[in-house]
Amino acid sequence: MIRRIAIIGLGTMGPGMAARLARGGLQVTAYDVAPAAIERARTMLGTAEGVLDSLGVAPSSAGAGTVRFTDDIGDAVADADLVIENVPENISVKAEVYRMIDGLISSDTIVASDTSGIPITKLQAHISHPERMVGMHWSNPPHIIPMIEVIGGEKTAPQTVATIRELIRSIGLLPVVVKKDVPGFVENRVFYALLREAVDLVERGVIEPEDLDTCVSWGIGYKIAVIGPMALLDMAGLDIYKSVSSFLNADLSNRDDVAPMVLERTNASKFGIKSGEGMFSYTPEQTKALQADRARKLVAVRRILEGRE
Ligand SMILES: NC(=O)c1ccc[n+]([C@@H]2O[C@H](COP(=O)([O-])OP(=O)(O)OC[C@H]3O[C@@H](n4cnc5c(N)ncnc54)[C@H](O)[C@@H]3O)[C@@H](O)[C@H]2O)c1
Ligand SMILES: Cc1ncc(C=O)c(C(=O)O)c1O
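Residues numbered from 1 in each chain as written. Chains lettered and ligands numbered in written order. Predicted model: local features only at pLDDT ≥ 70, side-chain atom pairs only at ≥ 80, totals over all residues. Heavy atoms only, no water.

Rules: UniProt positions are given in the numbering used here, feature names are shortened, and annotations may be inferred rather than shown by experiment.
As recorded in an unreviewed UniProt entry, the chain goes by the name 5-formyl-3-hydroxy-2-methylpyridine 4-carboxylate 5-dehydrogenase, listed as coming from Mesorhizobium vachelliae. Its UniProt record gives the chain the following Sequence similarities (unreviewed entry) comment, quoted word for word: "Belongs to the 3-hydroxyacyl-CoA dehydrogenase family."

Here you go:
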């Protein structure tokens, strides 16, 4: 039974995950190597808790859990039933965390990674109990998006996958078990196919970035929240899909490297909201307003999709 959870890495994803797990009645310890990240996470935690209130996510019947911040990794993982590694998407950085916690956790502690797509089989090569390592891939913003992918690697015990799936279900979220440990799992394979084409269209001057977003959000995005891709195939007709894909698939982007438009920006430290500029520019005030507006809309949409409005 999982009661105590340690989150390692409190950047974009960690604080929202901590808030959601605590709301589910769990005792969370939250650690980051950077003191500034811990300070930022305290504020982000409060914001996420406010969003959970407006989503109507009630504390578990056994009462709300807690979030405790610490700057000591040993303190964070001591007694943890589950450690969620949430550090940057880089195998060496993740492996260093596994090496550090290896001697600090008990042999029955589950170690989950929130990796966006590094195969779990590769990650579990760096830990002493690979049978207790699993992928637990949340979606951003993690306190609002209910679906979480659960992925076993070659050495993951089926019981580990089952335990994490049950934990997710027990706090009212939606686990989806990915049956094969493919890079990117399922959500990001589908999403990155879309992103590759979107970036290519903007890069080739087919459309302006703002118009690309309008086209996808109000065209595909709006309906895909209600009717998934497999169901959409049936709604459109497989005969139509056959005809269009027979000429269109060959024309879609198949580039296998990172697009120059993205490299130019990342080389100039333009990472998006976290650095104030990416595809668009953001002042701190705009970022605050944007995040509040997005949270309000996502909450409203989710309430409707769940039939609560
Ligand atoms: N950003 C997203 O939309 C998103 C969504 C789902 C999954 N993920 C995945 O989640 C993981 C974290 O992503 P993020 O966007 O939160 O990253 P981020 O860069 O925003 O934050 C990472 C945090 O990890 C900390 N960190 C770095 N090394 C550390 C160490 N050795 N010990 C403890 N903390 C350390 C950093 O200080 C930073 O605060 C990645 O694997 C990413 O691919 C990201
Ligand atoms: C661009 C991008 N990449 C990865 C992820 C998740 O792993 C997300 C997301 O969850 O939103 C994303 O936007």
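### Section: the site of ligand 2
Definition in use: What makes a residue near a molecule or strand is one non-hydrogen atom of that residue sitting within 4 Å of it. Nitrogen and oxygen atoms within 3.5 Å of one another constitute a polar contact, given that in protein one can donate a hydrogen and the other can accept it, and given that sequence-neighbouring residues count only through two side-chain atoms. Per-residue and other accessible areas follow the Shrake-Rupley method at a 1.4 Å probe size, with only the shown protein chains counted as cover for residues.
Around ligand 2 sit S116, H137, S139, N140, N188, F191 and Y192, and those are all the residues in its vicinity. A distance of 2.7 Å separates an oxygen atom of ligand 2 from a polar atom in the side chain of S116. Taking N140, its main chain carries an N or O atom lying 3.1 Å from an oxygen atom of ligand 2. Relative to its free-state accessible area of 320 Å², ligand 2 is covered by the protein chains to the extent of 69%.

### Here we look at the UniProt feature "domain: 3-hydroxyacyl-CoA dehydrogenase C-terminal" (unreviewed entry) in the chain
Going by this rule: Working definition: helices are DSSP H or I runs of at least four residues, strands are E runs of at least two. Numbering for both runs from the N terminus.
Using the residue numbers shown here, the UniProt feature "domain: 3-hydroxyacyl-CoA dehydrogenase C-terminal" (unreviewed entry) corresponds to residues 184–282. In this annotation, residues 184–282 is assigned 61% helix and 0% strand; the end-to-end C-alpha distance for the span is 29 Å.

### Observations concerning the packing of helix α7 (residues 187–203) against helix α11 (residues 260–267)
Stated formally: Here the axes come from fitting lines to C-alpha atoms, over the contacting stretch only for helices, and the angles between their N-to-C directions go from 0 to 180 degrees. Small angles under 35 degrees read as roughly parallel and large ones over 145 as roughly antiparallel, with 65 to 115 read as roughly perpendicular and the rest as oblique. Contacts were defined at the residue level, with two residues in contact if any of their heavy atoms lie within 4.5 Å. Polar here means any residue other than Ala, Val, Leu, Ile, Met, Phe, Trp, Tyr, Cys and Pro, which are nonpolar, and Asp, Glu, Lys and Arg, which are charged; Gly is therefore polar.
Close contact between α7 and α11 brings their axes to 9 Å; oriented N to C, the two are set at 90°. In terms of orientation, α7 lies roughly perpendicular with respect to α11. Residues V199, V202 and E203 of α7 lie in contact with α11, whose contacting residues are P260, M261 and V262. A breakdown of the residues in the contact of α7 with α11 according to their chemical character gives 5 nonpolar, no polar and 1 charged.

### Structural notes on the site of ligand 1
Near ligand 1 you find 25 residues, and of these T12, D32, E89, K94 and S116 are the closest. The separation between an oxygen atom of ligand 1 and a polar side-chain atom of N86 is 3.4 Å. Between ligand 1 and K94, the relevant distance is 2.8 Å, taken from an oxygen atom to a side-chain nitrogen or oxygen of the residue. Within the complex, 79% of the 840 Å² of free accessible area of ligand 1 lies under protein. Sort the elements by how many residues they give to the shell around ligand 1 and helix α4 (residues 91–102) lands first, with 3 residues. Of the residues assigned to the shell around ligand 1, the class counts are 12 nonpolar, 8 polar and 5 charged.

### Focus: the side chain of E85
Put simply, the rule is: To sort residues, take the accessible area from a 1.4 Å probe on protein chains only and compare it with the maximum for the residue type: under 20% means buried, over 50% means exposed, and anything in between is partly exposed.
Within the secondary structure layout, E85 lies in strand β4 (residues 82–85). What makes E85 buried here is its relative accessible area of 1%. At a separation of 2.6 Å, a polar atom in the side chain of E85 contacts the side chain of K94. A distance of 2.6 Å separates the side chain of E85 from the side chain of Y98, its partner in a polar contact. Dropping the residues within four chain positions of it, E85 is found in contact with I8, K94, V97, Y98, A112, S113 and D114.

### Digging into the packing of aromatic side chains
Which entries qualify depends on this criterion: Each Phe, Tyr or Trp ring, with Trp reduced to its six-membered ring, pairs with another whose centre is within 6.5 Å; inter-plane angles below 30 degrees give stacked pairs, above 60 give edge-to-face pairs, and intermediate values give tilted ones.
Following the criterion strictly, the structure yields 2 aromatic pairs and no others. Between F191 and Y192 the ring centres are 5.9 Å apart and the planes differ by 85°, which places this aromatic pair in the edge-to-face class. On the accessibility criterion, Y192 (51% relative accessible area) is exposed.

### A look at the sheet that holds strand β2 (residues 27–31)
Put simply, the test is: When DSSP locates at least two bridges between a pair of strands, those strands are taken to pair.
In space, the 8 strands of this open sheet follow the order β3-β2-β1-β4-β5-β6-β7-β8, with mixed pairing throughout. Two strands lie at the open edges of the sheet, namely β3 (66–70) and β8 (174–178), each paired on one side alone. Taken over all neighbouring pairs, the strand axes of this sheet differ in orientation by 25° on average, direction set aside. Sheet topology places strand β1 (residues 4–8) next to β2; 5 bridges connect them, and they run parallel. Paired with I7 across the bridge in β2 is A30.

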